[in-house]
Amino acid sequence: MTQQRILTGITPSGTPHLGNYAGAIRPAVEVSQRADVESFYFLSDYHALIKTGDPERVQRSTLEIAATWLAAGLRPERAWFYRQSDIPEIPELTWLLTCVTGKGLLNRAHAYKAAVDKNVAEGGEPDAGVTMGLFMYPLLMAADILMFNAHKVPVGRDQIQHLEMARDIAASFNHRYGEYFVLPEAAVDEAVATLPGLDGRKMSKSYDNTIPLFARSAELKKLVFAIVTDSKAPGEPKETDGSALFQLFQAFAAPAETETMRARFREGIAWGDAKEALFDKLEAVIAPMRARYDELIAEPARIEQVLKSGADALRAKYATPFVARLREAVGLRRLDRLPAARAEASPKTRARAQFKQYREADGLFYFKLASGDGRPLLQSRGFASPREAGQAVGAIRDGADFAAWADLAENVARADVARELDALRAG
Ligand code: TRP
């Protein structure tokens, strides 16, 4: 079974609130439990440097957000959980992508344009206060995603443009060097609740209306009792539609409990009693997580260890070999396998390997590479047209890694094929 790869980054800044939990953390943890999904969740600490210059804050936030995800039930053995800055291949890939990305593409990024528009409106220099970090943000994000060839990227609406850019950047690279990258798609889940905050508007740090996920019990109670309601008296029927209190209850209660609460609203539950019920519900769900969070925060070495071993395993399995292939693709290669040098060294008497193109009964077009004595070395995947098969052959002859289009034949060593290809390329 091929698993779908789902990846998302979490920028370590600020304190997670109930809205983050219901909208992002909880659904991500659920997805990570599916057998048909390979999920990647990482702390985008390189991104955090764009937003803050305060080192203590970056460190503290990284610790807190990592502890939050673990406390919320993310199991590192079910999902790749890591810290971006533990994967040095990511900034390396960023550079490779930078070199195939038009500056104009980044000029059009919403976040950058907004900064420029604001400067211009205020009569200042267009780029005043804009760091290259802000400008390059979409490239770093593209590298995060393309490094693991993620298929789906769950993000908020504000990130859709970044996903479009990642696709464009991947396509540019593929066009120049061969099919290395999957084109990722944004997954914006309309069904996922955006929770209302204390004042009934969307819960968001920028409205200052949030309920921190791990507020202490007394603080949580105080905040719940501060949720804005209408002025209906006890006994008067209450509307569930548009009630922040009801929506918050619904986001944390089982469907049957929600129906009971709906009935109590109709029957005119007193606001004080509804708040008490909401607090009890939240506390029941959150208290065990909060206890785990407290334990985790008290043991930062354990979290460090979880993140570090996640990154180490991920590098070994994907990042390091993939970047090695990409380096090869762009020409950052060993000098002792120079095609020209090879040709002189190779015995003239031995017959060269040859590419052969043909059509199979399935109607698709294929190529293979056969050694001088007719042994199969490479076997391609199927192409819709002879032209595409021919282009792949051309790209391989020009130096692209064959792995984008073809597999090694049985019992053939990669190094042997590399030697044959070098000889062919040398002409
Ligand atoms: N830019 C994202 C945000 O601010 C965080 C992020 C960084 C991300 N790299 C990513 C999200 C890669 C998805 C994929 O929310």
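Residues numbered from 1 in each chain as written. Predicted model: local features only at pLDDT ≥ 70, side-chain atom pairs only at ≥ 80, totals over all residues. Heavy atoms only, no water.

## Quick notes on the site of the ligand
Rules: Being near a molecule or strand, for a residue, comes down to having at least one heavy atom within 4 Å of it. Side-chain atoms alone can form a polar contact between residues adjacent in sequence; in general such a contact is a pair of N or O atoms within 3.5 Å, and within protein one must be able to donate a hydrogen while the other accepts it. Residue exposure ignores everything except the shown protein chains as possible cover, and the areas themselves are Shrake-Rupley values with a 1.4 Å probe. A run of H or I in DSSP becomes a helix once it reaches four residues, and a run of E becomes a strand once it reaches two; helices and strands are each numbered from the N terminus. In this count, Pro and Cys sit with the nonpolar residues alongside Ala, Val, Leu, Ile, Met, Phe, Trp and Tyr, while Asp, Glu, Lys and Arg are called charged and the others, Gly among them, polar.
Inspection of the region around the ligand gives 14 residues, with Gly9, Tyr137, Met141, Asp144 and Gln159 positioned closest. Asp144 places a polar side-chain atom, nitrogen or oxygen, 2.7 Å from a nitrogen atom of the ligand. Across the complex, the protein chains shield 88% of the 370 Å² of accessible surface that the ligand would expose by itself. Going through the elements one at a time, strand S1 (4–10) and helix H7 (132–146) are the ones with two or more residues in the shell around the ligand. Each residue belonging to the shell around the ligand can be placed in one class, and the counts come to seven nonpolar, six polar and one charged.

## Things to note about the pattern of salt bridges
To be explicit about the condition: When a carboxyl oxygen of Asp or Glu is within 4 Å of a side-chain nitrogen of Lys or Arg, the pair counts as a salt bridge. Type-normalised accessible area, obtained with a 1.4 Å probe on protein chains alone, sets the label of each residue: buried when under 20%, exposed when over 50%, and partly exposed for intermediate values.
Enumeration over the complete set of coordinates arrives at 25 salt bridges. Close ionic contact of Glu283 with Arg290 constitutes a salt bridge, the shortest N to O distance being 2.6 Å. With respect to class, Glu283 is no different from Arg290; both count as buried. When the shortest N-O distance is used, the salt bridge between Glu299 and Arg302 registers 2.9 Å.

## Considering the packing of helix H1 (residues 18–32) against helix H10 (residues 244–252)
Note the threshold: For helices, the fitted line uses only the C-alpha atoms of the stretch in contact; every axis is such a line through C-alpha atoms, and the angle between N-to-C directions lies from 0 to 180 degrees. An angle below 35 degrees is read as roughly parallel, one above 145 as roughly antiparallel, one from 65 to 115 as roughly perpendicular, and any other as oblique. Crossing chirality is assigned from the near helix's rotation relative to the far helix, an anticlockwise turn below a right angle marking it left-handed and a clockwise turn marking it right-handed. Pairs of residues are marked as contacts when any of their non-hydrogen atoms sit within 4.5 Å.
Where H1 meets H10, the axes come as close as 11 Å, and the angle between the chain directions of the two elements is 40 degrees. One finds that H1 runs oblique with respect to H10. Seen from above, H1 lies across H10 with left-handed handedness. Contacts from Leu18, Tyr21 and Arg26 of H1 reach H10 at Leu248, Ala251 and Phe252. Its residues placed into classes, the contact of H1 with H10 shows five nonpolar, no polar and one charged.

## A look at the domain arrangement of the protein
Where we set the bar: The split of the chain into domains comes from an automatic or database domain assignment.
Domain boundaries assigned for the protein yield domain 1 (4–193 + 298–328), domain 2 (215–287) and domain 3 (354–426). Distance between the C-alpha centres of domain 1 and domain 2: 36 Å.

## Topic: the packing of helix H4 (residues 89–98) against helix H13 (residues 300–330)
Where H4 meets H13, the closest approach of the two axes is 10 Å, and the angle between their N-to-C directions is 25 degrees. Here H13 runs roughly parallel to H4, going by the angle between their axes. As for how H4 packs across H13, the hand of that crossing is left-handed. Residue-level contacts link Glu89, Glu92, Leu93 and Leu96 of H4 to Arg315, Ala319, Thr320, Val323, Leu326, Arg327 and Val330 of H13. For the contact of H4 with H13, the residue count by class is six nonpolar, one polar and four charged.

## Brief notes about the side chain of Asn149
Along the chain, the position of Asn149 falls in the loop between H7 and strand S4 (152–154). Setting aside chain neighbours within four positions, we find Asn149 in contact with Arg5, Tyr180, Phe181, Val182 and Phe322.

## Remarks on the pairing of S1
Put simply, the test is: Strands pair, by our definition, only if DSSP identifies at least two bridges between them. A right-handed crossover is one whose linking path, passing over the helix from the first strand to the second, runs clockwise when the strands point away from the viewer.
Of all the seven residues making up S1, five are buried; the element is thus mostly covered by neighbouring parts of the structure. Bridge count between S1 and strand S2 (residues 37–43): seven bridges; the pairing is parallel. When the bridges of S2 are listed, Leu7 appears paired with Phe40. Chirality of the crossover, the property in question, places the unit of S1, H1 and S2 among those that are right-handed.

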